[in-house]
Amino acid sequence: MSLPVPGAVPLVAINGGMIYGHDLLWPTFAPFAERRQVILFDQRGRGESQAPPGARAARVEHDALDVGALREALGIAQWDIAAHSWGGGIALLAAAEDPEGVRRIVTFDAVGPTSGWLDTLHGRGVAHLAARGLDDERAALAAMDPRALFADDPELHARYSRLFYPAWFHDVTAMLAPPPLSLSPTGAAVVARLRREGYDWRASHARVKAPVLLIHGDQDCIPVQEADANARVLPRAHVLRVGDSGHMPFFEWPALVFEAALRFLDA
């Protein structure tokens, strides 16, 4: 948590990856801290957050409800949210349950409102790696069976996440070192359930009162059409497509996306 900024609405940051902690976004989201108090949210059993007693029963809805509970525990009347990937889905679920506590939301390459995109994700990742000449990485990813991720095996989810990492980038020169091997029984249980059972959040998204800016790279393995699908069900949302960008536009086009995000949040 950064220091409070007098007169500015605090901002809570929610990372994606589902098995990772807040360090996936920090210090990447440091530009927000120039104008806002930034609060880094760790989902249950990830980062510095304690695992729940029954980790295998964990659900993404629990993470979403924790967002509003954290706001109340910190004594914050209202805040903004910035979130990435799966974190974008958590942010929108949280805003539906805490409508008066969320002022504005900006997402970066958020997951779609239904789980259909998961069915083609593995193939898209393999194709992205092939198109970029990353033959060893392509072969390693292609050898994995994504159906194995229906099981909540923390080591398997951690290995798969690292293998998929290069596929998230359109410009491989912008790629950082892959995140560390993160073994989270809670996170593995949550994402395995989502993969296994699917989801449909459209009814929940329709209850979000806050304005939402959906920033999305047009070369992401999560198709930009998922941002359009989110915008169709969110009452007050618009999409900013980032050209020649993958899943992490804040690495590939940082000046563009942070300027847009801050302009939106400061409105």
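Rules and cut-offs
Residues numbered from 1 in each chain as written. Predicted model: local features only at pLDDT ≥ 70, side-chain atom pairs only at ≥ 80, totals over all residues. Heavy atoms only, no water. Helix = DSSP H or I, 4+ residues; strand = E, 2+ residues; numbered from the N terminus. Rg over C-alpha atoms; globule rule 2.2 N^0.38 Å. Buried < 20%, exposed > 50% of the residue type's maximum accessible area, 1.4 Å probe, protein only. Polar contact = N/O pair within 3.5 Å; in protein donor to acceptor, adjacent residues only side chain to side chain. Axes fitted to C-alpha atoms, helices over the stretch in contact; angles between N-to-C directions. Parallel < 35°, antiparallel > 145°, perpendicular 65-115°, else oblique. Contact = heavy atoms within 4.5 Å. Nonpolar A, V, L, I, M, F, W, Y, C, P; charged D, E, K, R; others polar. 1 Å grid on protein atoms, 1.4 Å probe; cavity = no way out; pocket = protein on both sides within 12 Å on 5 of 7 lines; lining within 4 Å. Points joined across faces, edges and corners; volume = space filled by probe spheres on them.

A.B. asks: Which parts of the structure should I look at to understand the overall build of the chain?
C.D. replies: Looking only at helices and strands, the chain has ten helices and six strands in total. The C-alpha radius of gyration computed for the chain amounts to 17 Å, which stays within 12% of the reference 18 Å derived for 267 residues, consistent with globular compactness. When its C-alpha atoms are laid out on the principal axes, the chain stretches across 50 × 40 × 35 Å. The 267 residues of the chain split such that 54% are buried.

A.B. asks: Where do I start with the side chain of His-247 in this structure?
C.D. replies: Note that His-247 resides in the loop between strand 6 (237-242) and helix 9 (249-252). Residue classification places His-247 among the buried positions, given a relative accessible area of 2%. Polar contacts involving the side chain of His-247 include one to the side chain of Asp-220, which spans 2.8 Å.

A.B. asks: What is the right way to look at the packing of helix 5 (residues 154-164) against helix 6 (residues 185-197) in this model?
C.D. replies: A pair of packed helices is captured by two measures, namely the crossing angle of their axes and the spacing between those axes. In contact at an axis separation of 9 Å, helix 5 and helix 6 are set at 75° when each is read in the N-to-C sense. Here helix 5 lies roughly perpendicular to helix 6, going by the angle between them. Residues Pro-154, His-157 and Tyr-160 of helix 5 pack against Pro-185, Ala-188, Val-191, Ala-192 and Arg-195 of helix 6. The residue makeup of the contact of helix 5 with helix 6, split by class, is six nonpolar, one polar and one charged.

A.B. asks: It is not clear to me how empty space enclosed by the protein should be interpreted in this structure. Could you clarify?
C.D. replies: Over the atoms rolls a probe the size of a water molecule, and its path tells where empty space is left. Under the criterion given, the structure shown has one cavity of 30 Å³ or more. Here the largest cavity defines a volume of roughly 30 Å³. Surrounding the largest cavity, Leu-24, Leu-25, His-84, Met-248 and Phe-250 form its lining. Its residues assigned to classes, the lining of the largest cavity comprises four nonpolar, one polar and no charged.

A.B. asks: Would you take a moment to explain unusual backbone geometry for this structure?
C.D. replies: A negative phi angle is the norm for most residues apart from glycine, just as the trans form is the norm for most peptide bonds. Pro-27 follows Trp-26 through a cis peptide bond whose omega is 15°. By the element assignment, Pro-27 lies in the loop between strand 1 (11-14) and strand 2 (38-41). The residue Met-18 is not glycine, and still its phi comes out positive at about 65°. Of note, Met-18 is situated in the loop between strand 1 and strand 2. Positive phi outside glycine occurs at Asp-244, with the angle close to 55°. Along the chain, the position of Asp-244 falls in the loop between strand 6 and helix 9.

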